Amino acid sequence: KTEEAAIIVNEPAVARPAPVDDTPAATAPKEEPEAVVEGMVDSSASLPIKQEPEASTADKGLTPSGKPLLSPEEFDRQQRLRAATKKLRNAYLSAKRAYRIPEQRVKRIQDALSKYKGTKNYHNFTIQKTFRDPSAKRFIKSFIINPKPILIKGKGGEGNDGDVVETEWLSMKVHGQSFMMHQIRKMIGMVALLVRCGSNLSTLDASMQEEKFSIPKVPGLGLLLERPVFDSYNDIQAPKHGRGQLRFDKYEEAMEEFKQREIYQRIFREEEERNEFGRFFNHVDNFKEPYFLYVTSKGLEATKRQKNGEDAVAGAVKEES
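Computed from a predicted structure; not experimentally measured.

The rules behind these values
Residues numbered from 1 in each chain as written. Predicted model: local features only at pLDDT ≥ 70, side-chain atom pairs only at ≥ 80, totals over all residues. Heavy atoms only, no water. Helix = DSSP H or I, 4+ residues; strand = E, 2+ residues; numbered from the N terminus. Contact = heavy atoms within 4.5 Å. Areas by Shrake-Rupley, 256 points an atom, 1.4 Å probe, with all protein chains shown as cover. Buried < 20%, exposed > 50% of the residue type's maximum accessible area, 1.4 Å probe, protein only. Pairing = 2+ DSSP bridges.

**Student:** So what about the overall build of the chain? Which residues, and what values?
**Tutor:** Each helix and strand counted, the chain has nine helices and five strands in total. Reading the chain from its N end, one meets helices and strands in the order α-α-α-β-β-β-β-β-α-α-α-α-α-α. Long-range contacts, defined here as pairs at least 24 residues apart, represent 64% of the contacts in the chain between residues at least 6 apart. As displayed, the chain offers around 24,100 Å² of accessible surface, 54% of which is attributable to carbon and sulfur atoms.

Dropping the structure here:
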């Protein structure tokens, strides 16, 4: 049995031509150029304010049609769970920002950085270099950590008294003749791994030998060229040709003010927004492969795979059992 259905289709309305305006167009006013204002502001005030998205029907406990999605008890429990999660996250951020490194640990960092001084082989601290490659050798004149940390106020992470907790930053300066790709970032990454894990600093010496080490590179945020150094020119060529020396010591105050205003504030602001260092250490701490196990007491042997595909650490446990 066939049922017929009538489909009513509305005819499209006939478009009427718009009336033509014969009056001459008014002359558009000239736009004034935008003013660029330069000034110093607090990093927390310069951060963009994120607009809170409007709560969806699911967040309100309703289906798209407006019917209850959860029971009142379940909806109340969900809201309390979200509030507790947000409170826990703020407490974690406050605790992380409130951390202050002990002087003893700063000294240990300096002990590790001092091992880079001199001419060493950095084939493990760059890419596509072998131990036998002469270009893998680099001369480091000094590597110093500033014992006085830098404190900066950030967005969020308020303490118990409602004040914004300041984040502590450490400044390290390396003076060398030349550097390879990723070299400085890997040098800092190696020191960070050894100091955080309480490892033997002799592992750093071993990483500059023929054995292959996998070294993570820290984020490039914060890495900058402070100044070029012309010691050879100042000591030899300048007196020889009767020319003035090229030194930046007399601009020290202006350079420091510029770094604080234009560079450091940008670094702090981007870290607040992206949390690059937090994600880096979280990635290293949760890395499943054994590449970084040289920080353990077994050293580099813990990173080597056995022929059957198991870790050397697992093989040692089997032998003992």
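**Student:** Let's hear about unusual backbone geometry: which residues, and what values?
**Tutor:** Located in the positive-phi region is His-182, a residue other than glycine, with phi close to 65°. With respect to the helices and strands, the residue His-182 is situated in the loop between strand S5 (172–176) and helix H4 (183–196). In this structure, Asn-275 is a non-glycine residue whose phi angle is positive, near 55°. Tracing the backbone through its elements, the reader meets Asn-275 in the loop between helix H7 (252–274) and helix H8 (276–285). Overall, the relative accessible area of 29% leaves Asn-275 in the partly exposed class.

**Student:** Please provide a residue-by-residue account of the pairing of strand S2 (residues 137–145), values included.
**Tutor:** Alignment of strand S1 (residues 118–121) against S2, held across four bridges, turns out to be antiparallel. Note that in S2 the partner of Thr-119 across the bridge is Phe-139.

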